[in-house]
Each structure stands twice: as structure tokens, then as C-alpha cells.
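Chains, contacts and geometry: an overview
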Amino acid sequence: MTGAYFAIGDGYALYEGAVAEGAVHRHAAFQVAAGVSGVVVMDDEAGNRFGDAALIVPPMVGHRLHPAKALRIFFVEPQCAFADRLRLVCGNGITPAPGMGGLREEDVAGGRLSEELDGRLLDAMRVLMDERITMTALAARVGLSPQRLRALAREELGMPLARWRIWRRLARSAEALREGRTLSGAAVAGGFADQAHFTREMRRMMGLTPAEVVRAIGPGAPWHQPRRAV
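Residues numbered from 1 in each chain as written. Predicted model: local features only at pLDDT ≥ 70, side-chain atom pairs only at ≥ 80, totals over all residues. Heavy atoms only, no water.

Looking at the overall build of the protein
The helix and strand inventory of the protein stands at nine helices and nine strands. A compact globule built from 230 residues should have a C-alpha radius of gyration of about 17 Å, and the protein, at 17 Å, falls within 12% of that. Taking all 230 residues of the protein together, the buried fraction comes to 52%. Residue pairs at least 24 apart in sequence account for 69% of intrachain contacts in the protein once pairs closer than 6 positions are excluded. Summed over its atoms, the accessible surface of the protein is roughly 10,600 Å², and 51% of this surface lies on carbon and sulfur atoms. Computed over 29 positive and 25 negative side-chain charges, the inter-centroid distance for the protein is 4 Å. (Helix = DSSP H or I, 4+ residues; strand = E, 2+ residues; numbered from the N terminus. Rg over C-alpha atoms; globule rule 2.2 N^0.38 Å. Buried < 20%, exposed > 50% of the residue type's maximum accessible area, 1.4 Å probe, protein only. Contact = heavy atoms within 4.5 Å. Areas by Shrake-Rupley, 256 points an atom, 1.4 Å probe, with all protein chains shown as cover. Lys, Arg positive; Asp, Glu negative; His and termini not counted. Charge placed at Lys NZ, Arg CZ, Asp CG, Glu CD.)

Brief notes about the pairing of strand E8 (residues 68–76)
Most of E8 is tucked away, with seven of its nine residues classed as buried. In this structure, strand E2 (residues 12–19) lies alongside E8, joined through seven bridges in antiparallel fashion. Its bridge partner lying in E8, Tyr 15 is registered against Ile 73. Strand direction decides the pairing type here: strand E3 (residues 30–35) and E8, joined by six bridges, are antiparallel. Bridging across to E8, Gly 35 finds its partner in Leu 71. (Pairing = 2+ DSSP bridges.)

Some words on the state of the cysteines
Taken as a whole and assessed by the stated rule, the structure comprises zero disulfides. Between Cys 80, a free cysteine, and Cys 90, which holds the nearest cysteine sulfur, the sulfur-to-sulfur gap is 15 Å. (Disulfide = S-S within 2.5 Å.)

A word on the sheet that holds strand E4 (residues 40–44)
Pairing is antiparallel across the open sheet formed by three strands, whose spatial order is E5-E4-E7. Looking along the sheet, the strands with just one partner apiece sit at the ends: strand E5 (49–52) and strand E7 (63–65). Averaged over all adjacent pairs, the angle separating strand axes in this sheet is 25°, with direction ignored. Examined bridge by bridge, E4 and E5 share four bridges and lie antiparallel to one another. If you follow Val 41 over to E5, its bridge partner there is Gly 51. (Axes fitted to C-alpha atoms, helices over the stretch in contact; angles between N-to-C directions.)

Overview of the nonpolar core
Core analysis: the biggest nonpolar cluster contains 54 residues, and Phe 6 and Leu 161 have the highest contact counts within it. Take this core: its biggest share by element is eight residues, from helix H6 (residues 161–178). Formed by 21 residues, the second largest nonpolar core is a distinct cluster that contains Tyr 12, Ala 54, Ala 83 and Val 108. (Core = buried A, V, L, I, M, F, W, Y, C linked by side-chain atoms within 4.5 Å.)

Comments concerning H6
Residues spaced three or four apart along an α-helix face the same direction, because each turn holds 3.6 residues. Along its 18 residues, H6 runs 26 Å from first to last C-alpha, staying within 8% of the 26 Å computed at 1.5 Å per residue. The element H6 is largely enclosed, with a buried count of 13 among its 18 residues. Trailing H6 by a residue or two, Gly 180 shows a phi angle of about 100°, which is positive. (Expected span 1.5 Å × (residues − 1).)

Some details on empty space enclosed by the protein
Across all of its chains, the model carries one cavity of 30 Å³ or more by this definition. For the largest cavity, the full set of lining residues is Phe 6, Ile 8, Tyr 12, Ala 13, Phe 75, Glu 77, Trp 167, Leu 170, Ala 171, Ala 174 and Met 206. Contributions of two or more residues to the lining of the largest cavity are made by strand E1 (5–9), E2 and H6. Its residues assigned to classes, the lining of the largest cavity comprises 10 nonpolar, no polar and one charged. (1 Å grid on protein atoms, 1.4 Å probe; cavity = no way out; pocket = protein on both sides within 12 Å on 5 of 7 lines; lining within 4 Å. Points joined across faces, edges and corners; volume = space filled by probe spheres on them. Nonpolar A, V, L, I, M, F, W, Y, C, P; charged D, E, K, R; others polar.)

Looking at the environment of Phe 6
Along the chain, the position of Phe 6 falls in strand E1. In the structure, Phe 6 is positioned 206 residues away from Glu 212 in sequence and 9.7 Å away in space, judged by C-alpha atoms.

This is how it looks when you write it as C-alpha cells:
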């Protein structure tokens, strides 16, 4: 495999390329990692090792990928319809999923929303995509108390909405990088304090650095326009 590929679509991101040695990190999204040629190997936070044609990691589960020359890694946001399919087959930790070894971008793309999550939670997530709003105001907007909204997010997403909001900010910054913005400009686009803050959050939540994303989408990289919802 030559080069690398990075795409952001409605509710998902995809990185395809080499993976270097990294630290334990957690995504505010489902991860489906597949070996392009061979197996994908990762450890959980306790040091247990998993290897298969594809592995699924639920949101906020600590894990560390082993170095590989070519992996295809999908990040699927929990409000998406494809996440419903992942919830059916994924346990509470890293789950082998050999049947997803051939997963393609068009299988994940589409932009349809989950049919399993509470509609009020989905409404709250839609607001957070477009607005900067306090959690108290957000809860009132969707007809819930702040306490009930927090509980609903933990029950159905497995994480606080504040954590998912950081993930959405990373998506905005990554989109800015795709559009040709500088690292500092992308940090501003996502609402991060500075480039260092942006880099820390991306490494902590995606296991990638902004510099790696830039290399994947820079001149000569096999960038393609992701599918969008119609």
C-alpha cells in the first residue's frame, strides 16, 4: 500500500494507512479496525491482546493498536444508523469481528440516524453539532432536566455528551485540515485553545496526530470526496 487516505463524512471518519506505536486512547465513537493484508492486533487497557481480520472497539474503551503497515480504521459516531449494527455484535470491550474485514466506506456512509437511541438525545446531539450551548440550556431545549440528559447519554452512548462534543470539535478541525487550513487555523476552527491543545485531544481521542492527518490528505495522497447524505 502506498500513501494514506483520510476521509470525513456524515457521522464517520476513515483512516487507511500505516499505524505507528501509540499509547492507550479512547474514542467517542465506535472503532472498526481491519487489516488490509493480514490481521489487526490491539491490546486493551488491562494488557489483554486481540487479533483478527477486524476488531470493534466500543466508545470510551481504552485500547492500543499495534504498529502495522496498512490498516483500515473506521470511526463511527454513536448516533448513526450503522452504529446500531455495531451495538448488536459488540460487547463491552474489544470484540473480534472477522465478518467486517472487508468493510467499505460506502457501507458506513449515508448519514441516517440511529433508530435505537432516544429521540430527545438525538435532538440534543443535533444541537451540539451546530451550536455552542451550555448543558443546562441544551437540556431545556430538548425537554429534559440536566440530570436526566446526562443519565441518558451515559446509558445510551456510554459517555458524557461533553466528551462527544469534543469529538465533534475534532471533526470540524479535521475537516478544516482537509480544506487546506494550517494546523493553527484548524485548531481555531474546532474551538481549541491552540495547536497544542488540538494535538493533545486528537492523539487522546483518535490515536492520530494532526500532522499524520495532514500527511494523509496532503498533495499526492489518495484523497477522495466522501459520500454525503442526500
